[in-house]
Amino acid sequence: MLIIRLLSNAIKSKLPKMSRPFLPLFIEGEVIKGFGRGSKELGCPTANYPLSVVKTLPEQIEPGVYYGFAKIGGGPVYKMVANIGWCPFYKNEEMSIETHVIHYCGPDFYGEYLKTIIVGYLRAEMNFDSLDKLILAINADIANAITFLDFPDAQKLVNHDFFVSSKLGEK
Ligand code: ADP
Ligand code: RBF
Ligand code: MG
């Protein structure tokens, strides 16, 4: 069963770009406290956006795991992975956008202005029968994102004006 689901996810992630015309997607806002489930202890802290930002997502967006770039305040641009959806493993009641900034290991940045560009889709959100399997899937997502974000199409977005221009609210 798991293999069938993984295969169908792999096929979906290869859908032509036009099937997700809303990508790349530009998201920005303040980082707030999330679900407090200790994703840091899972080895994967996720910066959460407020509901007001989640509500700006295009209607057609599919819940799932996405990859892209992120900039915390006036800092450098990092690679990231983001889970957008309801986290079936935890059955959240609200949709959320949770961004893990890959290779960032500085201090917490609650209250900072976070800009993200969602570049591509990795897979659907899944339910897992153990936390260890969720962690394994997240680690595979991070490895895939690191690879895909080096492709020239993605690299063009690193220097996008969105990351350069100073926005109101940016600290
Ligand atoms: P919460 O439930 O409040 O979202 P998490 O355990 O998911 O808590 O941790 C997320 C917080 O950890 C972020 O808001 C940020 O301040 C901090 N953080 C530190 N390193 C990272 C990182 N690499 N990616 C995302 N958040 C990070
Ligand atoms: N939660 C799920 O329930 N199913 C998933 O498939 C799933 N994939 C994720 C992939 C990535 C890259 C990240 C960062 C998170 C993912 N999560 C998923 C969310 C995870 O459950 C959440 O970050 C923790 O519950 C902390 O709020
Ligand atoms: Mg979080």
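Values in this document were obtained by computation on a predicted structure and should not be read as measured data.

1. Concerning the site of ligand 2
Thought 1: Taken together, 21 residues lie near ligand 2, and Ser-39, Val-81, Asn-83, Cys-87 and Phe-89 sit nearest.
Thought 2: For the shell around ligand 2, the secondary structure elements donating two or more residues are β4 (77–85), β5 (96–101) and α3 (131–148).
Thought 3: Looking at the shell around ligand 2 residue by residue, the class counts come to 12 nonpolar, 5 polar and 4 charged.

2. A short note on unusual backbone geometry
Thought 1: At the junction of Leu-23 and Pro-24, the peptide bond is cis and its omega measures out at -5° in the coordinates.
Thought 2: For Pro-24, the position within the fold is in the loop between α1 (2–13) and β1 (25–30).
Thought 3: Positive phi, normally seen in glycine, also occurs at Cys-87, with a value near 50°.
Thought 4: Note that Cys-87 resides in the loop between β4 and β5.

3. As for the site of ligand 1
Thought 1: Inspection of the region around ligand 1 gives 18 residues, with Gly-34, Ser-39, Pro-45, Val-101 and Asp-108 positioned closest.
Thought 2: Those elements giving two or more residues to the shell around ligand 1 turn out to be β2 (47–48) and β5.
Thought 3: Here the shell around ligand 1 is built from residues that sort into 8 nonpolar, 7 polar and 3 charged.

4. Digging into the sheet that holds β4
Thought 1: Judged by pairing direction, the sheet is antiparallel, and its 6 strands sit side by side in the order β1-β6-β3-β4-β5-β2 without closing on themselves. The open sheet is flanked by β1 and β2, the only strands paired with a single partner.
Thought 2: When strand β3 (residues 64–72) meets β4, the two strands line up antiparallel, connected through 8 bridges. Looking at β4, one finds that Gly-68 is bridged to Met-80.

Each value, and the rule that gives it
Residues numbered from 1 in each chain as written. Chains lettered and ligands numbered in written order. Predicted model: local features only at pLDDT ≥ 70, side-chain atom pairs only at ≥ 80, totals over all residues. Near = placed C-beta within 6 Å. Helix = DSSP H or I, 4+ residues; strand = E, 2+ residues; numbered from the N terminus. Nonpolar A, V, L, I, M, F, W, Y, C, P; charged D, E, K, R; others polar. Pairing = 2+ DSSP bridges.

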